[in-house]
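In case you want the letters, here they are:
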Amino acid sequence: MSKSDIRLIIKVFLISFAVIAVVYGGFYLISRVYVQSIKDQKYYTAQSNYNSAVQLIQDGDYKGAAEILGKTGQKEFEDSDKLRQYAWALYYYYDTKNYSEAYLHLEKCIDTIRQHTEFPSPDKLMEEIKPLADKQREDTLKEIEEKNRKIAEQNAKKQETTASRKYYPYSPDDEYDVSDYYSAEDFYDDHYDDFFDYYDAEDYYNDHGGF
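Overview of the structure. Since we're looking at a predicted model, the values are computed, not measured. (Residues numbered from 1 in each chain as written. Predicted model: local features only at pLDDT ≥ 70, side-chain atom pairs only at ≥ 80, totals over all residues. Heavy atoms only, no water.)

With that settled, the discussion passes to the overall build of the protein. The secondary structure content of the protein amounts to seven helices and zero strands. Buried positions account for 26% of the 211 residues belonging to the protein. If you take every contact in the protein between residues at least 6 apart in sequence, the share linking residues at least 24 apart comes to 49%. For the protein, the exposed surface amounts to about 15,600 Å²; the carbon and sulfur share of it is 54%. (Helix = DSSP H or I, 4+ residues; strand = E, 2+ residues; numbered from the N terminus. Buried < 20%, exposed > 50% of the residue type's maximum accessible area, 1.4 Å probe, protein only. Contact = heavy atoms within 4.5 Å. Areas by Shrake-Rupley, 256 points an atom, 1.4 Å probe, with all protein chains shown as cover.)

Structure (structure tokens):
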């Protein structure tokens, strides 16, 4: 192989390498531009959602704001989650008069909301809600205590009834099995068609070993 042939081969190789490098570089540049355009589009969409949500909060549409902020990424706007919590607290709890839950959720996001001077003062809102939340918690505790008291009374009555229950041997002439009933009232409810009136049934109940 002559020197001219070797030089030709080297030249072709260099040209081919240059073409491949240009093509590869072009694809790489295009892919980078495409990926960046996707990122930019995602950011602009998030920004549009964020701005719309902020405006909805200003307009008092907390439900709409909460729904939009649920689609806004925290990577683009770090306080979007706190704003969503704020909107949710007002829409889901405050508007439904669940003041204790509204107060708890507002406490978690109040520092962020203070930075949004376009919103009404969250501190005034907290001052308004606090006495309502305190009263609601007190009422809830009273309801729980009352329920527990009634349950304790019922349990005590059951224990008292069980402890004082009398057992009678089966009476051969008792066709209604009086021993299966705890009271004359229960007995009469099942056999009212068989007696003239309640007192007649009560007499039978007592005569055959009723409690």
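Every α-helix winds through 3.6 residues per turn, so residues three or four apart in the chain are directed the same way. Here helix α6 (residues 184–191) has its buried residues at A184, F187 and H191. Mapping the buried residues of α6 onto a view down its axis gives an arc of 60°, with all of them on the same face. Turned more than 90 degrees away from the buried face of α6 sit D189 and D190, all of them exposed. The secondary structure elements touched by the buried residues of α6 are α7 (198–207). (Arc of directions from axis to C-beta.)

Another point: the packing of helix α2 (residues 62–69) against helix α3 (residues 80–94). Packed helices, taken two at a time, are described by the angle between their axes plus the distance between the axes. One can describe the packing of α2 onto α3 by two numbers: an axis separation of 8 Å at closest approach and a directional angle of 150°. Accordingly, the angle class assigned to the pair α2 and α3 is roughly antiparallel. For the crossing formed where α2 meets α3, the hand is left-handed. Between α2, through Y62, K63, A65, A66 and L69, and α3, the contact on the second element is made entirely by S80, L83, R84, A87, W88, L90 and Y91. Here the residues of the contact of α2 with α3 sort into nine nonpolar, one polar and two charged. (Axes fitted to C-alpha atoms, helices over the stretch in contact; angles between N-to-C directions. Parallel < 35°, antiparallel > 145°, perpendicular 65-115°, else oblique. Left-handed = near helix turned anticlockwise from the far one by under 90°. Nonpolar A, V, L, I, M, F, W, Y, C, P; charged D, E, K, R; others polar.)

Membership of the largest hydrophobic core comes to 26 residues, with the highest contact counts inside it found for I57, L83, Y86, L106, F119 and I129. Mapped onto this core, the elements with two or more residues apiece are α1 (3–59), α2, α3, α4 (99–114) and α5 (122–164). Here this core takes six residues from α4, the largest share from any one element. Not counting the four nearest positions on each side in its chain, L106 is found in contact with Y86, A89, L125, M126 and I129. Among the nonpolar cores identified, the runner-up in size contains nine residues, and V178, Y181, F187 and Y205 belong to it. (Core = buried A, V, L, I, M, F, W, Y, C linked by side-chain atoms within 4.5 Å.)

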